[in-house]
Amino acid sequence: MLDIKFVRANPEKIKEALEKRGYEIDFDNFLFFEKERLALLRDIEEKRALRNSVSQEIANLKKSKDSTDKIDKLIVEMRNLGEELAISEKRLKDIEEKVENFMLFLPNIPHQTVPFGKDENENIEVRRWGEPPQFDFPPMNHWDIGEILGIIDFERAGKIAGSRFAIMRGLGARLERALINFMLDLHTQKGYIEVFPPILVNKASMTGTGQLPKFEEDLFRITDPEFYLIPTAEVPVTNLHREEILSEDDLPMYYASFTPCFRKEAGSHGKDVRGLIRQHQFNKVELVKFVKPEDSYEELESLTRDAEEVLQKLGLPYRVVALCTGDLGFASAKTYDIEVWLPGQGRFREISSCSNFEDFQARRANIRFRRRDKKGTEFVHTLNGSGLAIGRTLVAILENYQQKDGSVIVPEVLRPYMGVDVIK
RNA sequence: GGAGAGGUGGCCGAGUCGGUCGAAGGCAGCCGCCUGCUAAGCGGUUGUAGGGCCAAAAGCUCUACCCAGGGUUCGAAUCCCUGCCUCUCCGCCA
């Protein structure tokens, strides 16, 4: 959420900034209601102040016991005032709801360093690492490799759950587990605290990180009782400190969290229908940071490097792209995507997304901190990035390390976790 | 799932015949005094958010907040209803 004081003072600036993201937002209604809200608030507070003082007077009069006429008169007056107040309060509540709702649907403002662009085609490549492997045979897709090796079963997954599900089997399942352990070990060695949170969360948590109210259709929801399945560990982990005031000494805080993730993929019919790339359920190790505002862009760089390191250790070629304004996520001020090379597709595919949300999520989730020598509170900055998506990493390994005979070499760093050198 | 108890400020804890309670007291913290050092002692101080005054800061002032949301009342931490959470016992279960 943006700062409402800033929005009402600078609607033109916000409008302009959000146009860069492709949002056309009309502020007139908002400004109108916001003005009324403040006027109404003033009026209500005045009436409440009056009621408070008269009620006090009534209490004092009652003690003296004789001026019952005056008491009755005051009570009648206050009864009437109370009725007026109730009408105004109802009106205020309606307006507050409108204003709040408007604010919840406003996306974050892109950072000055975010390249301008319309869609993902205008993202800027920042750097590349590694060389795509050369094959003296036509490289296969991971779903063919997986099927031949008997380590991924899409067909039975379709039977027991439906499309966009997969079953990992034998060394495939072990590879999944090896990747989880490898990534968690790597990140926790660097100071990230491992957390394993609930993967069913409430509405407030989803609102805190920005999935709700705008992206309800992307989420799996259960009723009775009401919960949402997390689309990423970002949600529970960022909400760890919702409604908290941290001390400056606690910052920065780094978390690493492995969780399953669930997404409806409602808008992507026909996209990546085969293979592991786009699943309703997938595993991911997520990195989440809580930092002081002045450090957050430096922290975004180091967060991205920490995610890249996973690929480097696995020997998987990748590139880093800076998302342009038109491709930026709703809550993000700046995002780097890391794209891994997939020989089966002959292209780079997203495997991590590292974002600085500045105070956008902190304001929604009310996550603040207090500086040692200053009074008052400030919002923290939150960041997160995949480190990495497990399923897509597994895909990249199968495709990059495939051999002519159909076997797959296990990257060096995974061998202690796998117990074998080759999957065949 | 059944029965019961409870949710108060950073922490502990008082406060139910509704009023002077943003909330006693203690602890912790901060500032000062005192003290050979430490401890003890003494005085003061310490929540969050929003509005108004102010060019702004400081400051002053008002409003709201005693789990959340409704209700009763001139007035609610205190009474009523609903929800959430915690604890105890029984049952069930990985």
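Residues numbered from 1 in each chain as written. Chains lettered and ligands numbered in written order. Predicted model: local features only at pLDDT ≥ 70, side-chain atom pairs only at ≥ 80, totals over all residues. Heavy atoms only, no water.

### Some thoughts on the pairing of strand S16 (residues 381–389)
1) Next: Burial analysis of S16 places nine of its nine residues in the buried class, which makes it a mostly covered element.
2) Next: Sheet topology places strand S10 (residues 281–291) next to S16; seven bridges connect them, and they run antiparallel. By the bridge assignment, Leu287 is partnered in S16 with Gly385.
3) Next: Taken together, the three bridges between strand S13 (residues 347–356) and S16 define a ladder with antiparallel strand orientation. Bridge pairing in S16 places Cys354 opposite Gly385. (Buried < 20%, exposed > 50% of the residue type's maximum accessible area, 1.4 Å probe, protein only. Helix = DSSP H or I, 4+ residues; strand = E, 2+ residues; numbered from the N terminus. Pairing = 2+ DSSP bridges.)

### Some words on the layout of surface pockets
1) Next: Put simply, the second largest pocket is a space of about 350 Å³.
2) Next: Around the second largest pocket, the lining is made up of 18 residues, and of these Glu147, Ile152, Asp153, Phe154 and Glu155 lie nearest the centre.
3) Next: Counting only elements with at least two residues in the lining of the second largest pocket, the list comes to helix H5 (142–149), strand S2 (152–153) and helix H6 (154–160).
4) Next: Across the lining of the second largest pocket, the residue classes tally to five nonpolar, six polar and seven charged. (1 Å grid on protein atoms, 1.4 Å probe; cavity = no way out; pocket = protein on both sides within 12 Å on 5 of 7 lines; lining within 4 Å. Points joined across faces, edges and corners; volume = space filled by probe spheres on them. Nonpolar A, V, L, I, M, F, W, Y, C, P; charged D, E, K, R; others polar.)

### What about the protein's contact with RNA strand B?
1) Next: In the region of RNA strand B, 24 residues are neighbours, and Lys63, Arg79, Lys93, Arg370 and Thr377 sit closest.
2) Next: Taken together, the sugar and phosphate atoms account for 70% of what RNA strand B places within 4 Å of the protein.
3) Next: At a separation of 3.1 Å, a sugar or linking oxygen of RNA strand B approaches a polar side-chain atom of Arg48.
4) Next: Contact between RNA strand B and Thr377: a phosphate oxygen at 2.6 Å from a side-chain N or O atom of the residue.
5) Next: Every element with two or more residues in the surface near RNA strand B is listed here: helix H1 (4–9), helix H3 (28–64), helix H4 (68–104) and strand S14 (367–370).
6) Next: A total of 14 residues in the surface near RNA strand B trace back to one element, the largest contributor, which is H3. (Near = heavy atom within 4 Å. Polar contact = N/O pair within 3.5 Å; in protein donor to acceptor, adjacent residues only side chain to side chain.)

### Topic: the environment of Gly346
1) Next: As for its placement among the helices and strands, Gly346 is situated in the loop between strand S12 (334–342) and S13.
2) Next: For Gly346, a relative accessible area of 42% translates into the label partly exposed.
3) Next: Here the alpha-carbon distance between Gly346 and Pro139, two residues 207 residues apart in the chain, equals 9.0 Å.

Distances and angles like these do not, on their own, reveal function.
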